[in-house]
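Structural characterization, general
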Amino acid sequence: MAKQIIIIDDSQTVRQEVRLVLVKAGYEIIEAEDGLEGAEAIRENQGASLAICDVNMPGLGGLEMLESLHADGGGAVPVIMLTTEGRPDLIARARANGAKGWMVKPFKPQMLLATVAKIAGAP
Amino acid sequence: MSSAMELQVPRSVTEHLSGAVVAFFASHGVTCEPVAHEDGAEDGPSELGAMVGFRGKAIRGGLAFVAPKELIASLLPVPPDGARPENQLRDWTAEIVNQIFGRLKNKLGARAGRFQIGAPVCFSGRSIRLAFLPGAAGLPLAFVANGNLVRVHLDCVSVETECGAHPWAITDAPPAAARIVAEGDVLLF
Ligand SMILES: [Mg+2]
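The rules behind these values
- Residues numbered from 1 in each chain as written.
- Chains lettered and ligands numbered in written order.
- Predicted model: local features only at pLDDT ≥ 70, side-chain atom pairs only at ≥ 80, totals over all residues.
- Heavy atoms only, no water.
- Donors = N, O, S within 2.8 Å, 3.2 Å for Na, K, Ca; no water.
- Buried < 20%, exposed > 50% of the residue type's maximum accessible area, 1.4 Å probe, protein only.
- Contact = heavy atoms within 4.5 Å.
- Buried area = accessible area lost by both parts, 1.4 Å probe.
- Salt bridge = Lys/Arg side-chain N within 4 Å of Asp/Glu carboxyl O.
- Polar contact = N/O pair within 3.5 Å; in protein donor to acceptor, adjacent residues only side chain to side chain.
- Helix = DSSP H or I, 4+ residues; strand = E, 2+ residues; numbered from the N terminus.
- Core = buried A, V, L, I, M, F, W, Y, C linked by side-chain atoms within 4.5 Å.

All names here are of chain A. The magnesium ion binds to the protein through D10 (OD), D54 (OD) and N56 (O), with metal-donor distances spanning 2.1 to 2.3 Å. The motif formed by the donor residues of the magnesium ion, counted along the single chain, is D-x43-D-x1-N. Residue D54 is classed as buried on the basis of its relative accessible area, which comes to 2%.

The subject of this paragraph is the interface of chain B and chain A. At the junction of the two partners, chain B supplies 33 residues and chain A supplies 31 residues. Here chain B meets chain A over a buried area of about 2800 Å², counting both sides, of which 57% is carbon and sulfur. Between chain B and chain A we count 2 salt bridges in total. Where B:E95 meets A:K105, a salt bridge forms, and the shortest distance between an N and an O atom there is 3.2 Å. If you look at where chain B meets chain A, you find 10 residue pairs in polar contact (both at pLDDT 80 or more).

A few words now on the side chain of B:K105. Structurally, the position occupied by B:K105 is in helix α3 (residues 85–108). On the basis of relative accessible area, B:K105 is assigned to the buried category, the value being 4%. Look past the residues within four positions of B:K105 in its chain and what remains in contact with it is A:E85, A:R87, B:F115 and B:I117.

With omega at 0°, the peptide bond leading from A:K105 into A:P106 counts as cis. The topology assignment puts A:P106 in the loop between β5 (101–104) and α5 (109–120). At B:S127, a position not held by glycine, the phi torsion is positive, near 50°. On the secondary structure map, B:S127 appears in the loop between β5 (121–126) and β6 (137–145). Take B:S127: its relative accessible area is 18%, and that puts it in the buried class. Positive phi values are uncommon outside glycine, yet B:N146 reaches one of about 50°. The residue B:N146 is located in the loop between β6 and β7 (148–158) in this model. Residue class for B:N146 comes out exposed when judged on its relative accessible area of 54%.

Residue and element names in this part refer to chain B. Among the nonpolar cores identified, the biggest contains 41 residues, and L17, F25, L63, F65 and I100 are the most heavily contacted of them. Those elements that place two or more of their residues in this core are α1 (11–26), β2 (46–55), β3 (59–68), α2 (69–75), α3, β6 and β7. Sorting elements by how many residues they give to this core places α3 first, with 8 residues. If sequence neighbours within four positions are ignored, L63 has contacts with L17, A50, M51, V52, F54, V97, I100, F101, V152, H153 and L154.

Laid out in structure tokens, this is it:
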């Protein structure tokens, strides 16, 4: 069975961009469009191999989502952030709340694939 | 508190915003050059725009991006959605303004303090005329990309503050040492 990757971003274009790269490589994708949906998707799919999460989203942002998951014990799904933000204090906040990595948009497909493979393993 | 009329956009913000727009287009393989500011032509093409609101320590405002729909469509990083072409372009335009503001913030780095960003909103029309409200400081920029006029407006007002902070909380001084992760970079913890 293909490994599942959860992509959480309010931009449908970004979700589709990530989906195209990862599906082509053989991963299965679950989409969520804000932090609330993202937290739910992570809680319901504890077998997923990775969640890729935006920071700035309406409703619950990515860092707030990470904090709420971390407060609940974190769970089994590793999370990396994919965002336009590059500020050290935000990166430190993600790290302190259990994130495994930080990627700054726009991403290069090979870089995304290599990062996903490193954390989630081959599809 | 600085009065709104005194509010000036620092030179470094102007330079970084212009650089952020040029770099965004370059990352999509399109050459984009700053030109003297101009409004869209009366009989101009169908345009799409997006605006994102922000709030810093002592300033709030918005960044607007307007470009011809055709140019925006040509930058789409995914195949066109035949069933929902308008929605797809709106979503992409919102992401463009988000990425340009992100680049600006990252370029300003630690000097810019903390900014909270809202969710981008989109608009469309023909010959869209962007105007600043009285009392707002404005930075109108124009560019030409693939023969198309692209306009970017940064609009801001100072917010009353007890600490008397500089509205932008930044200076034209060199960047602080703290490393900002650049576009396209990956950090694994
Ligand atoms: Mg976003």
